[in-house]
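Okay, here's what each chain looks like letter by letter:
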There are 2 protein chains.
Amino acid sequence: MSSETPEAGKGPVRKRTAGDGVARQPGMTDVARLAGVSAQTVSRTLAGHPNVQPKTRAKVLAAVEQLGYRKNNAARMLSSGRSRTIGVVTLQTNFYSRTNLTFGIETAAREAGYAVSTATTASLDTAAIEQAMSRLAEQGVEGVVLSVPLVHVSPRIEQLTRSVPTVTVDGSRTPATEVVAVDQTLAARLATRHLIELGHESVWHVAGPKEWLDAASRCAGWRDTLQAAGLDVPPVLEGDWTPASGYRNGLILGKIPDVTAVFVASDEMAFGVIRALHELGRRVPEDISVVGVDDIALAEYCSPSLTTVAQPFTEMGALAVAHLLRHIEDPDAAHEPACVEPALIVRASTAPVGGRARPRP
Amino acid sequence: MSSETPEAGKGPVRKRTAGDGVARQPGMTDVARLAGVSAQTVSRTLAGHPNVQPKTRAKVLAAVEQLGYRKNNAARMLSSGRSRTIGVVTLQTNFYSRTNLTFGIETAAREAGYAVSTATTASLDTAAIEQAMSRLAEQGVEGVVLSVPLVHVSPRIEQLTRSVPTVTVDGSRTPATEVVAVDQTLAARLATRHLIELGHESVWHVAGPKEWLDAASRCAGWRDTLQAAGLDVPPVLEGDWTPASGYRNGLILGKIPDVTAVFVASDEMAFGVIRALHELGRRVPEDISVVGVDDIALAEYCSPSLTTVAQPFTEMGALAVAHLLRHIEDPDAAHEPACVEPALIVRASTAPVGGRARPRP
DNA sequence: CGCCGAAATGGCATCGATAACATCGCAGGG
DNA sequence: CCCTGCGATGTTATCGATGCCATTTCGGCG
């Protein structure tokens, strides 16, 4: 068995890193040799193929253990054509929504035996998104979750979505794409209706940037609800999701006597709004009611605790993965958009118009 | 030139996906054929090799464009042995710190021409971390940033860090590892000293979970500072980083008459503490001063705005990548631990003992 | 005018794993 | 007793790009 010395200068060429002395990572061939079987058998064993004798399997596993063998994904993919990896394109920020969504996606993907590769983009412009998708394509992902509030879809992106199964999350849909989304219109409706039911005669709105699709949907939902109730629609204030922008808009709102209720498009902005109102001496919720969106962890622990609309991000990530995998396995399946529903969480930042606050929870 | 039909049943074997009709992704060979050059020349052109005639380069690029060619990372890696990818092991949470760190890492890595592959782990136990590192190793990463508050390092993990260049961030060091960290002891010192200088005769502490190295360091820094000032060291309260745990501890602190100053190990917990104190009728900062750690975006926009210790996460991510790359390129380089310094940001949640609050900013 | 050397390009082996096919051995039916 | 059939394993070709070496091309200089 030890007939051939491993060092018997096989080929004339040595590829390995210049730094000698470092033992190279063992490959399947090494495992096979040690176990006294062929590489193919090793492959079968590790793939869990049924037709392998227990004794052989044991030998292989022992060899794997002994050599500290680790499979080489690049080789596996090149050979099999499958990467068992899905890609996520997401904005490079730490917005609560993005982070949690990614969380959900990763969990679900891992459970299904897929790895996740993330490509972040610093901006929303088409070129940057194209780049991110290209990077994923180069990595050989089998599918992509586009978690970017796309409004404009470039032809190039559309082409990409045609060659790789894609699910958009909170983004606009393209012909070749499945869509999974939280019903943002409903979120806005819930918030606005809540305020109307408390007796407010008008509800103001601090929106997100209009390039963001979910900001636009929330704005639309808010407007529709007001109109349906026969109420006036005040002008829209626009923020950029940051607490600072909420603060700026809060300073404006606080100076307008009519304002008794505000629907803010995100919790972080809502914090800024409340802070500004506070400084202007307008009490929340006694003078002005505020509703946010997201239900971030801190929403419950500020004063007053924030009434908000919770979005099931994690669940949505899972749903997106499920759709994507279905689509990968059966490319001809129909694209049925899926929608998950947000839920209103009433806390202490809203109160009947002109009334006293409810007792704090 | 058109002497051989492409369809001349070359090999007996067809690998491609069963679904026929779908044109397969073009490869270098296809590009080469279209451009009328060899695959090798295509490779050189795309790698930016200098010795390629402009005219040839142009032809190649045109062919690439026309075919929509995308390089195949798996093949490239298998062949060259380099993946130009670094891995990040991180906890699957949306803690502010983790998110921002990842942000910094990604940005820096991308600038250096490296891709980033993230492996998240749901728990801190050794097995889970081993798994995450293995996943990265299988992907062929050239280096790893371990962003996990490791306290115990298993031999197996140590073995892994020996075969792949590794930088620990906020984690304990292993012999084969470089360390980049925020000086958490200093963070605690800054916060505690600030409170002492305001005249408080004792400073309480709400710590993070003791398994977390940074929680432990902050706790140590706090204790040392108190002792150095000749003050008593009150018992430690322990939270789990969540606002809820801060709230629970706040309820306890609020019942203890002696308490006039609290150093909380994270901003999110600090929010909970403040909320609890509020409910118990203890005013912040008039009755009790509170300092947090992290400087999350909302710290400035709550009432009162939060005095906190800012940590340069993004910068630290960049530093970690720089170290890692240096180590990848020169494996024999010395491991010098690097430290970045946190900064105290004084806002409105702290005031002189028994004194009135400073005017709000 | 011819030869040299650098620039430009092509040929071939190779990375590590897998698919497809070939082989071998053994059990049971005709 | 031979042959079929299936289970277990080995063999070979291949995925796509790159490293190394060979080859061609060409400008310049003795």
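A brief structural summary. As the structure is a prediction and not an experimental result, all values here were calculated from the model.

**Regarding the relation of the copies chain A and chain B**
Stage number 1. With an axial shift of 0.0 Å and an RMSD of 0.1 Å, the rotation relating chain A to chain B amounts to 180°. A rotation of that kind, with that shift, is consistent with a two-fold axis. If distances are taken from each C-alpha of chain A to the rotation axis, the shortest is found for Ala74(A), at 2.2 Å.
Stage number 2. When the interface residues of chain A are mapped onto chain B, 96% of them again lie at the interface, so the same face is used by both copies.

**Observations regarding helix α12 (residues 313–329) of chain A**
Stage number 1. Its 17 residues give α12(A) an end-to-end C-alpha distance of 24 Å, which sits within 8% of 24 Å, the value for a rise of 1.5 Å per residue.
Stage number 2. Of all the residues in α12(A), the buried ones are Phe313(A), Met316(A), Gly317(A), Ala320(A), Val321(A), His323(A), Leu324(A), Leu325(A), His327(A) and Ile328(A).

**Looking at the interface of chain A and chain B**
Stage number 1. Residue-level contacts link 51 residues of chain A with 50 residues of chain B.
Stage number 2. When the two sides are added together, the surface that chain A and chain B hide from each other amounts to roughly 4,500 Å², 51% of it contributed by carbon and sulfur.
Stage number 3. Ranking the residues of chain A by area buried against chain B places Arg70(A), Arg275(A) and Tyr301(A) at the top, with a combined share of 17%.
Stage number 4. In this structure, the connection of chain A to chain B is made through zero salt bridges.
Stage number 5. Summed over the shared surface of chain A and chain B, the result is 13 residue pairs in polar contact (both at pLDDT 80 or more).
Stage number 6. Top element by residues in the side of chain A that touches chain B is helix α5 (residues 96–111) of chain A. It accounts for seven residues.
Stage number 7. In terms of residue class, the side of chain A that touches chain B is built from 20 nonpolar, 18 polar and 13 charged.

**Things to note about the packing of aromatic side chains**
Stage number 1. For the structure shown, the criterion picks out nine aromatic pairs over all chains.
Stage number 2. Ring centres 5.5 Å apart and planes at 55° place the aromatic pair Tyr301(A) and Tyr247(B) in the tilted group. Taken together, the residues span two chains, with Tyr301(A) in the loop between β9 (289–294) and β10 (307–310) and Tyr247(B) in helix α10 (residues 243–254).
Stage number 3. Consider the rings of Tyr96(B) and Phe313(B), whose centres lie 6.0 Å apart with planes at 75°: the pair is edge-to-face. Pair noted here: Tyr96(B) is in helix α5 (residues 96–111) and Phe313(B) is in helix α12 (residues 313–329), with a separation of 217 residues, a long-range link.
Stage number 4. Accessibility expressed as a relative area gives 24% for Tyr96(B), which makes it partly exposed.
Stage number 5. Phe313(B) gets classed as buried once you look at its relative accessible area, which sits at 4%.
Stage number 6. Connected via pairs of aromatic rings, a cluster forms that spans Phe95(A), Trp212(A) and Trp241(A).
Stage number 7. A cation over an aromatic ring shows up here: Arg84(A) above the ring of Tyr114(A), its NZ or CZ 4.6 Å from the ring centre.

The rules behind each value
Sequence order as written defines residue numbering, which begins from 1 separately in each chain. The lettering of chains begins at A and the numbering of ligands begins at 1, in the order of writing. Local features in a predicted model are, by the rule used here, given only for residues with pLDDT of at least 70; side-chain atom pairs are given and counted only at 80 or more, and totals for whole chains, interfaces and linings are based on all residues. Note that the side-chain values use all heavy atoms of the structure and ignore hydrogens as well as water. A least-squares fit on C-alpha atoms brings the copies together, and the residues used are those whose pLDDT is at least 70 in both copies. Any pair of residues with heavy atoms lying within 4.5 Å of one another is described as a contacting pair. Helix and strand definitions follow DSSP, with helices as H or I runs of at least four residues and strands as E runs of at least two, each counted in order from the N terminus. Here the expected span of a helix is defined as 1.5 Å times the quantity of residues minus one. Under the scheme applied here, a residue whose accessible area is under 20% of the maximum for its type counts as buried, over 50% as exposed, and between as partly exposed, the area being computed with a 1.4 Å probe on protein chains only. Accessible surface is computed with a 1.4 Å probe, and the buried area is the amount of it that two parts give up when combined, taken over both parts together. For this analysis, a salt bridge means a side-chain nitrogen from Lys or Arg found within 4 Å of a carboxyl oxygen belonging to Asp or Glu. Two N or O atoms form a polar contact when they lie within 3.5 Å of each other; inside protein one atom must be a possible hydrogen donor and the other a possible acceptor, and for residues adjacent in sequence the pair counts only when both atoms belong to side chains. Here the nonpolar group is Ala, Val, Leu, Ile, Met, Phe, Trp, Tyr, Cys and Pro; Asp, Glu, Lys and Arg are the charged ones; every other residue, Gly included, is treated as polar. Aromatic rings from Phe, Tyr and Trp, with only the six-membered ring used for Trp, were paired whenever their centres fell within 6.5 Å, and each pair was classed as stacked if the ring planes differed by under 30 degrees, edge-to-face if by over 60, and tilted otherwise. Counting as a charge over the ring demands two things of the Lys NZ or Arg CZ atom: a distance within 6 Å of the ring centre and an angle within 35 degrees of the ring normal.

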